[in-house]
Amino acid sequence: MAMFTTVIGNGPVEFTDRATGKQFSIPLSFIKPDLQAPESSGWVTLGISPSLQPEATNWLKYLFVQGVLTVSTTSISRPAFLLKAAQAGVMGNNIKVEFTDVVADPPAFAAKITAIDTFAGLSVDPTAPNFVQTVLTPGLVQVKTIPDPAPFPAAGTYILDEGGGDGITPAFRTIPSADDPTVTAFVLEATQTDATGNGIQVTITSTPPTIFTLQARLEQNPTDISLSDLPAKLAGVARGGVGYLIEVSAPTSGFALPTASTIYLKGGTNTQAATPAQATTFS
């Protein structure tokens, strides 16, 4: 948050040289709040000679004392950094970023980055328009394998922690059948190979015998982030600004401390030339 001070009042201020009768107009924009007068270059631009400047300054200070002129302080937000979904598509619109524990000295903050994909009315029937393997892309997870015919999945909460996430193969989890936990309904895998995928939580709620809802959730909680840690620590990577969920970059004004706030990425599309959801957070 940047703070700006300006002089407000009835302007411009008129000043008359009593010796010659010449009148000068001093725009309020020329009056510096800390000086209660123009700076040296301002006097030159206005054509007011050094011999007249003390008298003109006294007149301006008198107007401040009388309340005709006052100083106004305005806070103006400027971009702290730019956020973009790491993957293009509408699923980036499901990413929420919360900024907390913002400390001014030394500058630091924490963040909670949450992505939640919810798919309702799913089916294990490959001929159905809501077939789970078709519907689950793009997103946090996708169907790696599914038998044909596939049994109805068991309701429950699962973590993609059976393997993978090694940078080569994605993290995955076997979802059991609702009728027999030893039988596989399908296998889910993360859509990326990074180890972060091992933290994806999947919740299945069902309406037997044919329809179920699947929700995939991933949460990242970087803490004690300093400006020198950006963009990598906020993005959740060792270096660079492209993480598992978000891409972080600096605005033209450079990185700044964000305000405590919650933002939602938006604008992601699944058009032929898909665009990533994005947002700008302010200082």
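See above for the structure.
None of the values given here were measured: they were computed from a predicted structure.

**Comments concerning the overall build of the protein**
Broken down by element type, the protein carries 4 helices and 16 strands. C-alpha atoms of the protein, sized along the principal axes, occupy 105 × 35 × 30 Å. For the protein, the accessible surface area stands at approximately 14,300 Å², while carbon and sulfur atoms represent 54% of it. Once the 14 positive and 22 negative side-chain charges of the protein are each reduced to a mean point, those two points are 11 Å apart.

**A look at the pattern of salt bridges**
Side chains bearing opposite charge may pair, as long as their charged atoms lie close to each other. If you walk through the whole model with that rule in mind, you get 6 salt bridges. The salt bridge partner of Arg217 is Glu219, with a shortest N-O separation of 2.8 Å. Among the charged side chains, a network of salt bridges with common partners joins Lys112, Arg217 and Glu219.

**A short note on the sheet that holds strand β8 (residues 141-145)**
In space, the 3 strands of this open sheet follow the order β8-β11-β10, with antiparallel pairing throughout. A strand with exactly one partner marks an edge of an open sheet, and here the two such strands are β8 and β10 (172-176). Pairs of neighbouring strands in the sheet enclose a mean axial angle of 35°, with direction left out of account. When β10 meets strand β11 (residues 184-190), the two strands line up antiparallel, connected through 5 bridges. Across the sheet, the residue bridging to Ile175 is Phe186, located in β11.

**Section: the environment of Phe81**
Mapping Phe81 onto the fold places it in strand β5 (residues 79-85). Counting along the chain gives 170 residues from Phe81 to Pro251, while the straight-line C-alpha distance between them is 5.5 Å.

**Topic: the sheet that holds strand β7 (residues 108-122)**
The 6 strands lie next to each other as β9-β12-β13-β7-β6-β15, forming an open sheet whose pairing is antiparallel. The outermost strands of the open sheet, each flanked by one partner alone, are β9 (156-159) and β15 (261-264). Averaged over all neighbouring strand pairs, the angle between strand axes comes to 20°, with direction disregarded.

**Notes on the nonpolar core**
Ranked by internal contacts, the top residues of the largest apolar core, which has 53 residues, are Phe186, Ile200, Leu214 and Leu234. Tallying contributions element by element places β7 first for this core, with 6 residues. Here Leu234 is in contact with Phe81, Leu83, Phe99, Phe109, Ala111, Ile113, Pro222, Ile225, Ile246 and Val248, once residues within four sequence places are set aside. By size, the runner-up hydrophobic cluster in this structure holds 17 residues, among which are Ile26, Leu46, Ile48 and Ala56.

**Topic: the packing of aromatic side chains**
In the structure shown here, the tally under the stated rule is 8 aromatic pairs. For the pair Trp59 and Tyr62, a centre-to-centre distance of 5.8 Å together with 15° between the ring planes defines the contact as stacked. With a gap of 3 residues between them, Trp59 and Tyr62 both fall in helix α2 (residues 53-65), about one helical turn apart. What makes Trp59 partly exposed here is its relative accessible area of 36%. On the numbers, 5.9 Å between centres and 65° between planes, the contact of Phe99 with Phe109 is edge-to-face. Highlighted residues: Phe99 in strand β6 (residues 95-103) and Phe109 in strand β7, separated in sequence by 10 residues. The class for Phe99 is buried, based on a relative accessible area of 2%. Phe109 gets classed as buried once you look at its relative accessible area, which sits at 1%. An aromatic cluster of three or more residues is present, and its members are Phe81, Phe99, Phe109 and Phe255. Lying across the ring of Phe172, Lys144 places its NZ or CZ 4.6 Å from the centre.

**Re α2**
Here α2 is 13 residues long and its end C-alpha atoms lie 18 Å apart, about the 18 Å a rise of 1.5 Å per residue gives. All of the buried residues in α2 are Gln53, Ala56, Thr57, Leu60, Leu63 and Phe64. Here the buried residues of α2 occupy an arc of 120° about the axis, which is enough to place them on one side. Across from the buried face of α2, at angles greater than 90 degrees, the exposed residues are Asn58 and Val65.

**Description of the environment of Asn221**
Locating Asn221 in the fold gives a position in the loop between β13 (211-220) and α4 (232-235). Along the chain, Asn221 and Phe152 lie 69 residues apart, while their C-alpha atoms are 34 Å from each other. Ignoring sequence-local partners within four residues, the contact set of Asn221 consists of Ala111 and Lys112. At a separation of 3.1 Å, a polar atom in the side chain of Asn221 contacts the side chain of Glu219.

Calculation notes
- Residues numbered from 1 in each chain as written.
- Predicted model: local features only at pLDDT ≥ 70, side-chain atom pairs only at ≥ 80, totals over all residues.
- Heavy atoms only, no water.
- Helix = DSSP H or I, 4+ residues; strand = E, 2+ residues; numbered from the N terminus.
- Areas by Shrake-Rupley, 256 points an atom, 1.4 Å probe, with all protein chains shown as cover.
- Lys, Arg positive; Asp, Glu negative; His and termini not counted.
- Charge placed at Lys NZ, Arg CZ, Asp CG, Glu CD.
- Salt bridge = Lys/Arg side-chain N within 4 Å of Asp/Glu carboxyl O.
- Pairing = 2+ DSSP bridges.
- Axes fitted to C-alpha atoms, helices over the stretch in contact; angles between N-to-C directions.
- Core = buried A, V, L, I, M, F, W, Y, C linked by side-chain atoms within 4.5 Å.
- Buried < 20%, exposed > 50% of the residue type's maximum accessible area, 1.4 Å probe, protein only.
- Contact = heavy atoms within 4.5 Å.
- Phe/Tyr/Trp six-rings, centres within 6.5 Å; stacked < 30°, edge-to-face > 60°.
- Lys NZ or Arg CZ within 6 Å of the ring centre and 35° of its normal.
- Expected span 1.5 Å × (residues − 1).
- Arc of directions from axis to C-beta.
- Polar contact = N/O pair within 3.5 Å; in protein donor to acceptor, adjacent residues only side chain to side chain.

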